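# Fold and geometry: a report
Now for the letters of each chain:
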Amino acid sequence: ELDVNGLKVLIKRRPNSQTVSAGLFLRGGSRNLTAENSGIESFMLNVATEGSKKFPRETMRRELARTAGNIGSGSNFDYSVLSLASTRQNFDRSWEIFTDIALNPAFAADDIELTREKILTGLRSDQDDPDGFLQVLVDKTINEKTAYQNKPGGTIENITKLKTEDLRAYHQKVMHTSKLLLIIVGDLDAAALQ
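Residues numbered from 1 in each chain as written. Predicted model: local features only at pLDDT ≥ 70, side-chain atom pairs only at ≥ 80, totals over all residues. Heavy atoms only, no water.

## Remarks on the overall build of the protein
Quick note on the threshold: Helix and strand labels come from DSSP, where a helix needs a run of H or I of at least four residues and a strand needs a run of E of at least two; each type is numbered from the N terminus. The quantity called the radius of gyration is restricted to C-alpha atoms. Its globule counterpart is 2.2 Å times the number of residues to the power 0.38. Buried means the residue's accessible area, taken with a 1.4 Å probe over protein chains only, is under 20% of the maximum for its type, while exposed means over 50%, and partly exposed covers the values in between. Here, residues are in contact when the closest pair of their heavy atoms is within 4.5 Å. Values of accessible area rely on a 1.4 Å probe in the Shrake-Rupley scheme; residue burial ignores everything except the protein chains shown.
Looking only at helices and strands, the protein features eight helices and six strands. For the protein, the succession of helices and strands along the chain, N to C, is β-β-β-α-α-β-β-α-α-α-α-α-β-α. Scaling as 2.2 N^0.38, a compact globule of 194 residues should have a C-alpha radius of gyration of about 16 Å, and the protein matches this with 18 Å. Across its three principal directions, the C-alpha atoms of the protein cover 50 × 35 × 30 Å. The burial tally for the protein puts 40% of its 194 residues in the buried class. Considering only contacts in the protein between residues 6 or more positions apart, those separated by 24 or more positions represent 79%. Surface accessibility of the protein: about 10400 Å² in total, with carbon and sulfur atoms responsible for 52%.

What follows is the structure, encoded as structure tokens:
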């Protein structure tokens, strides 16, 4: 366990492991959301994984393909995560891309619109799928007036209206070391990583 400038870091060393996994967890999940901005955390993280200032989408994809790395994100009611999977051999390069995505997402207009359409397609299908519709009903009844009433994936209305400046402002708001937890698993030396 390390503290790096206020960021709590947990490292699980797995000697001789050929892979490294990392997760940058954001505390709160739906507790970070309101009825007016539900979905913003998931939307922001999804757009961030499309490219950063140093690694625009095509450059990032080419580098991750070359190094067999993968960067993704996920959100649920209790937390959100930006994740990295990499080979040990290419960890340094994958880590460079991962940290630039976490700290300097590009929020390029094309990436935002592509991500918005993917999210909206998923939200629209909730009405057509019995399991999805059941979750809609649960959200409207059981989760009403709890922290879980704010859907991490958002609503059609919210996702439609969110703008670039909203995503940038939200990124600035939540990416503080006191709100983050970094977990890394692999054959890495903690002192070197620090």
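Moving on from the model shown.
## A word on the pattern of salt bridges
Heads up, the rule is: For this analysis, a salt bridge means a side-chain nitrogen from Lys or Arg found within 4 Å of a carboxyl oxygen belonging to Asp or Glu.
One pass over the structure, following the stated rule, counts ten salt bridges. Between D187 and R13 there is a salt bridge; the shortest N-O distance is 3.1 Å. Separated by 174 residues along the polypeptide, D187 in the loop between strand 6 (180-186) and helix 8 (190-193) and R13 in strand 2 (residues 7-13) bring together distant segments of the chain. Here R93 ties to E96 by a salt bridge, and the two come within 2.9 Å at their closest N and O atoms. With R93 and E96 both in helix 3 (residues 91-103) and three residues apart, this pair spans about one turn of that helix. When its relative accessible area of 28% is taken as the criterion, R93 is described as partly exposed. Beyond isolated ion pairs, a larger network of salt bridges with shared partners links K54, E63, R66, R93 and E96.

## Remarks on the nonpolar core
Inclusion rule: Residues belong to a common nonpolar core when they are buried Ala, Val, Leu, Ile, Met, Phe, Trp, Tyr or Cys residues joined through side-chain atoms within 4.5 Å.
Within the largest apolar cluster, 40 residues are counted, with the highest numbers of intra-cluster contacts made by L24, F43, M44, I71, L82 and L167. Not counting the four nearest positions on each side in its chain, L24 is found in contact with L7, S80, V81, L82, F98, A102, M175, L180, L181 and L182.

## A few points about the sheet that holds strand 1 (residues 2-4)
Which entries qualify depends on this criterion: Only strands that DSSP links by at least two bridges are regarded as paired with each other. Between N-to-C directions, angles span 0 to 180 degrees; the directions come from axes that are lines fitted to C-alpha atoms, helices contributing only their stretch in contact.
Spatial ordering of the open sheet is given by 1-2-6-3-5-4, a layout of six strands whose pairing is mixed. Both outer strands of the open sheet, strand 1 and strand 4 (70-75), are each paired with one neighbouring strand and no more. Taking each pair of neighbouring strands and ignoring which way they run, the sheet shows an average axis angle of 20 degrees. Here six bridges tie strand 2 to strand 6, and the two strands are oriented parallel to one another. For R13, the partnering residue across the bridge sits in strand 6 and is G186.

## Re the pairing of strand 3 (residues 19-27)
Relative to strand 5 (residues 79-87), strand 3 is paired through nine bridges, and the arrangement is antiparallel. Within strand 5, the position partnered with S21 by the bridge is A85. When strand 3 meets strand 6, the two strands line up antiparallel, connected through six bridges. Along strand 6, the bridge assignment pairs L24 with L182.

## Considerations on helix 4 (residues 109-125)
For the record, the criterion: A helix is expected to reach a length of 1.5 Å times the quantity of its residues less one. The arc in question is the one spanned by the directions pointing from the helix axis to the C-beta atoms.
Compared with an ideal rise of 1.5 Å per residue, which puts 17 residues at 24 Å, helix 4 spans 24 Å between its outermost C-alpha atoms and is within 8% of the ideal. Those residues of helix 4 lying buried are D111, I112, T115, R116, I119, L120 and L123. The arc that holds the buried residues of helix 4, viewed along the axis, is 155 degrees, so those residues lie on one side. Set apart from the buried face of helix 4 by more than 90 degrees, the exposed residues are D110 and K118. On its buried side, helix 4 packs onto helix 1 (40-48), helix 2 (57-67), helix 6 (156-161) and helix 7 (164-174).

## Some details on the packing of helix 1 against helix 4
Put simply, the test is: For this classification, under 35 degrees means roughly parallel, over 145 means roughly antiparallel, 65 to 115 means roughly perpendicular, and everything else is oblique. Crossing handedness: left-handed means the near helix sits turned counterclockwise from the far one by under a right angle, and right-handed means the same turn made clockwise. Ten residues, namely Ala, Val, Leu, Ile, Met, Phe, Trp, Tyr, Cys and Pro, are considered nonpolar, four, namely Asp, Glu, Lys and Arg, are considered charged, and the remaining ones, Gly among them, are considered polar.
One can describe the packing of helix 1 onto helix 4 by two numbers: an axis separation of 9 Å at closest approach and a directional angle of 130 degrees. Taken together, the axes of helix 1 and helix 4 are oblique relative to one another. The two elements helix 1 and helix 4 meet at a crossing, and its hand is right-handed. Contacts between helix 1 and helix 4 involve F43, N46 and V47 from the first element and D111, I112, T115, R116 and I119 from the second. Class assignment of the residues belonging to the contact of helix 1 with helix 4 gives a composition of four nonpolar, two polar and two charged.

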